[in-house]
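# Structural features, examined
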Amino acid sequence: MMLSSKNEMLNSDAKTVNFLRARNGLVAGKSDLQILICGIGGQGGLHLGHNLAKLVADRYQDIFSNEIRGIAQKRASVTSMIRCGNGIRSAFFAKKNVDYVLALEPMEIMRLMPHICPSTICILLDTYAFVPLFGIYDLERPSRHDIEASIYARGGRVIWLVVEEWLKSEKL
C-alpha cells in the first residue's frame, strides 16, 4: 500500500485501520505490543524509539526498550526495540512475534526478516540513504518489489510512506 498524501493516509484502507486496532488491543483485547524501529546511524531511529516508548507509557503498565547501536559516522545499522504490556518482565523479543516494524531505511528491513510474521505490519519510508560499503559505491539494492515480496512471503503487511518527494520540495 502506498500512501502519498495526508488525506490518503487518513482515508486509506479501512481493513488496515481495523487490523491496526485489532493488533493494538483496541478490538481484540491484545495485552502486549512489540515494535522494532530500524535504520542507519544518524537518522534518528534511537530518538524515535525513546519518544515512542514515552508515548505508549500511559497505556501500558510495563515498558521495556532495547537498542542496538551502530556507529553514526559510519552509517551502521541501528535498531530500537520496544516491548510493552501488562505483566511483561523482560525486553526479550521472540522471533516471529513482532507487531510493527518501522524502517527508516528500506534496506534495513531485510535484516529483520526473521522477526516478521503473518500479523506484522511493516511501515517503510521511501528514502534510501547513500551508504558505501567498504568503498563499494555501486552495490545493487533490493527493489521495492523485492522488499515487498520478502515481507509478503512471510505473511506481513506493507505500508509505504512517501517522504522523498516532500524532502526534495523542502530542500532537505
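Residues numbered from 1 in each chain as written. Predicted model: local features only at pLDDT ≥ 70, side-chain atom pairs only at ≥ 80, totals over all residues. Heavy atoms only, no water.

### Focus: the overall build of the protein
The condition that has to hold: Numbering of helices and strands runs from the N terminus, with a helix taken as a DSSP run of H or I at least four residues long and a strand as a DSSP run of E at least two residues long. Each residue's exposure class comes from its accessible area (1.4 Å probe, protein chains only) as a fraction of the maximum for that residue type: buried when under 20%, exposed when over 50%, partly exposed otherwise. By the convention used here, residues are in contact when the closest approach between their heavy atoms is within 4.5 Å. Surface accessibility in these figures is a Shrake-Rupley result with a 1.4 Å probe; residues are shielded only by whichever protein chains are displayed.
The number of helices and strands found in the protein is five helices and seven strands. Listing each helix as α and each strand as β along the protein from the N terminus yields β-α-α-β-α-β-β-β-β-α-β-α. Scored against the burial criterion, the 172 residues of the protein give a buried share of 38%. Counted over contacts in the protein with a minimum sequence separation of 6, partners at least 24 positions apart contribute 63%. A total of about 10,100 Å² of accessible surface is found on the protein, and carbon and sulfur atoms cover 56% of it.

### Considerations on the environment of C122
Counting through the fold element by element, C122 comes out in strand β6 (residues 121-125). Among residues more than four places away in sequence, those in contact with C122 are V101, I109, I116, I151, R157, V158 and I159.

### Points about the pattern of salt bridges
Defined as follows: Here a salt bridge means any side-chain nitrogen of Lys or Arg lying within 4 Å of a carboxyl oxygen belonging to Asp or Glu.
Going through the model one piece at a time under the given rule, you end up with two salt bridges. Where D126 meets R144, a salt bridge forms, and the shortest distance between an N and an O atom there is 3.7 Å. Placement of D126 in the loop between β6 and α4 (144-153) and of R144 in helix α4 is noted, with a sequence separation of 18 residues between them. Since its relative accessible area comes to 7%, D126 is described here as buried.

### Description of the side chain of D99
Stated formally: Between N or O atoms, a polar contact is any pair within 3.5 Å; within protein, one atom must be a potential hydrogen donor and the other a potential acceptor, and residues adjacent in sequence are included only when both atoms are from side chains.
By secondary structure assignment, the location of D99 is in the loop between β4 (77-85) and β5 (100-103). D99 gets classed as buried once you look at its relative accessible area, which sits at 0%. There is a polar contact of 2.7 Å between the side chain of D99 and the backbone nitrogen of Q34.

### Regarding a nonpolar patch on the surface
For clarity, the threshold we go by: To count toward a patch, a residue needs a relative accessible area over 30% and no salt bridge; like charges are then connected within 9 Å, while nonpolar side chains (Val, Leu, Ile, Met, Phe, Trp, Tyr) are connected within 5 Å.
Judged by side-chain polarity, M107, M110 and Y128 come together as a nonpolar surface patch covering roughly 220 Å² of accessible area. Of note, M110 is situated in the loop between β5 and β6. Taking the relative accessible area as the measure of exposure, M110 reaches 31% and is therefore partly exposed.

### Quick look at the confidence of the model for the protein
Inclusion rule: The pLDDT value expresses, per residue, how confident the predictor is, ranging between 0 and 100.
Per-chain confidence: the protein averages 76 in pLDDT, with 73% of residues scoring 70 or above. Segment residues 1-15 is flagged for pLDDT under 50; beyond a separation of four residues in sequence, or across chains, it makes 21 contacts in the model. Every residue in residues 23-29 scores below 50 in pLDDT, and together they form 15 contacts with partners more than four places removed in sequence or on other chains.

### Concerning the state of the cysteines
Operational definition: Disulfides are defined as cysteine sulfur pairs within 2.5 Å.
Counting across every chain of the model gives zero disulfides. Distance from the sulfur of C38, which forms no disulfide, to the nearest cysteine sulfur (C122) is 8.7 Å. Here C38 falls in the buried class, since its relative accessible area comes to 1%. Considering cysteine sulfurs only, C122 is the nearest to C117, which forms no disulfide, with 9.0 Å between them.

### With respect to the side chain of E108
For E108, the position within the fold is in the loop between β5 and β6. Of note is the side chain of E108, whose polar atom sits 2.7 Å from the side chain of S77. A polar atom in the side chain of E108 sits 2.8 Å from the side chain of R111. Setting aside anything within four residues of it in sequence, one finds E108 in contact with C38, G39, I40 and S77.

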